[in-house]
Amino acid sequence: MERGAAAALGCALRSPSPSPSPAPQWRPLFRCPRRDPPVPPRPLVPPARLFRHLDMKKGQSRNSLKTFSSSGHSGVRQNYDDLVNDKLLIDCGEDQDCVLGGVVALGKFDALHIGHRELAMHASKAGTPFLLSFVGMAEVLGWTYRPPIVAQCDRKRVLSSWAPYCRNVVPLEYQVEFSKVRSLSPRQFVERLSKDLRIKGVVAGENYRFGYKASGDAAELVKLCEEFGLSAFIVRSVMDTAKRSHNGVAATINSSDKGQVSSSRVRHALAIGDMEYVSELLGRKHRLVLMVNQNCLHERKRIVLPNSCMLNMPPVEGLYENCDLVNGGYIGPCRVIINSDTIVIEMKDENSLSPNPIQEVRQLGIEFG
């Protein structure tokens, strides 16, 4: 669920024509799951921020559960015992105690924008904050590949920057294989959170959907958390206060868009090269991560790399001033030229690349100011 609004820093884009250029075509180095905008919410939504802390109640035994949600939506026939025996968290140990006693934020966290940060902030108020991300959705649902907004290798850095908003605690992210939960009814999903992961509570946005065919909504999440003795925090969407328009026309992101900050809005802003708008939605500068390889050309003031080195979504083709080059540490200010085949980094200080800062590193980062 996607939320937010805030901060801004600009990066001037010079485009050869007033109309936005098409997004660059480039071959990704590896495949990551596509994340689509949220399914339109049902009208049953708790007001503003709904908080409930409930006494532990005994849930039904796993073998007695049917594949039906409490709203009457049926799941598919399945051997539920087999699902229970599977690990829910793919990057946690056999005991699955990584989020034990914590509060997990639920949603699709593609952009890690300020709406997602809001969820983590509310989780930190109730306990140890965690993000539960679903992976493998594109492969299971047959979606067309889209590059991630945040490179996988850069996600921990972004989450670390959230600590001041989360009571000086860095939220930790764990992944759930989507294929393992796709067929679960809303009730079965909450039961696995409660009994398998032994969490304390959940945080979700008011438009959150879950369970087989997204049959559960935020209201049902609260009801099921009450049944299984979990706290439920439902957070109102963070709205996009910038309300940007281009050529006098406000963009229509998708049919479920109601003005909230979303990963879809971030993708749109990148596709038109409005880096100031991107910074507002993310609450930070957008960092493009590049994998350095033998095809990298290094000159005195310039670095030239093929677009295949990009590990996440770049802005539209064009010239970007006021950028910064990093490689774990700060290298220096630069300007960046993105075209259909290459990305050219021109340092403002000719001494910034001496000694060679890419000789022993595998990755570079460009932050668009």
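Residues numbered from 1 in each chain as written. Predicted model: local features only at pLDDT ≥ 70, side-chain atom pairs only at ≥ 80, totals over all residues. Heavy atoms only, no water.

The name recorded for the chain in an unreviewed UniProt entry is FAD synthase, from Urochloa decumbens.

A word on the packing of helix H8 (residues 263-272) against helix H9 (residues 275-282)
Two quantities define a packed helix pair, namely the angle between the helix axes and the distance between the axes. Counted only if it meets this: To get an axis, fit a line to the C-alpha atoms, keeping to the stretch in contact for a helix; angles then go from 0 to 180 degrees between the N-to-C directions. In DSSP terms, a helix is any run of H or I states spanning at least four residues, a strand is any run of E spanning at least two, and both are numbered starting from the N terminus. Between 65 and 115 degrees an angle is taken as roughly perpendicular, under 35 as roughly parallel, over 145 as roughly antiparallel, and anywhere else as oblique. Put simply, a crossing is left-handed when the front helix is turned counterclockwise from the back one by less than a right angle, and right-handed when it is turned clockwise. By definition in these notes, contact holds between two residues if any of their heavy atoms fall within 4.5 Å. All residues other than Ala, Val, Leu, Ile, Met, Phe, Trp, Tyr, Cys, Pro, Asp, Glu, Lys and Arg, Gly among them, are scored as polar; the first ten of these are nonpolar and the last four charged.
Running from N to C, H8 and H9 point in directions that differ by 160 degrees, and their axes come no closer than 8 Å. The angle between H8 and H9 falls in the class roughly antiparallel. Helix-helix and strand crossings are classified by hand; for H8 and H9 the assignment is left-handed. For the pair formed by H8 and H9, the contact residues are Arg265, Val266, Ala269 and Leu270 on the first element and Met275, Tyr277, Val278, Leu281 and Leu282 on the second. Taken together, the residues that form the contact of H8 with H9 break down as eight nonpolar, no polar and one charged.

Some points on the nonpolar core
Going by this rule: Residue types Ala, Val, Leu, Ile, Met, Phe, Trp, Tyr and Cys, when buried and joined through side-chain atoms within 4.5 Å, form a set referred to as a nonpolar core. The classification of residues rests on relative accessible area computed with a 1.4 Å probe and restricted to protein chains. Under 20% of the type maximum is buried, over 50% is exposed, and intermediate values are partly exposed.
Leu325, Ile343, Ile345, Ile366 and Phe368 are the most contacted members of the largest nonpolar core, which has 53 residues in total. Setting aside its immediate chain neighbours within four residues, Ile343 contacts Leu288, Leu290, Ile303, Val304, Leu305, Asn307, Met310, Val336, Ile337, Ile338 and Ile366. Counting residues in hydrophobic clusters, the runner-up holds 33 residues, among them Phe134, Val202, Val222 and Cys225.

Structural notes on the confidence of the model for the chain
Low-confidence regions, as indicated by low pLDDT, have predicted coordinates that should not be scrutinised in detail. Spelled out, the test is: The score called pLDDT rates the predictor's confidence residue by residue, from a low of 0 to a high of 100.
In the predicted model, the chain carries a mean pLDDT of 80, and the fraction of residues at 70 or more is 72%. Mean pLDDT across the secondary structure elements of the chain bottoms out at strand E2 (residues 50-52), with 40, and peaks at helix H4 (residues 155-160), with 98. A low-confidence stretch, residues 37-78 (pLDDT under 50), is modelled with 106 contacts involving residues beyond four sequence positions or located in other chains.

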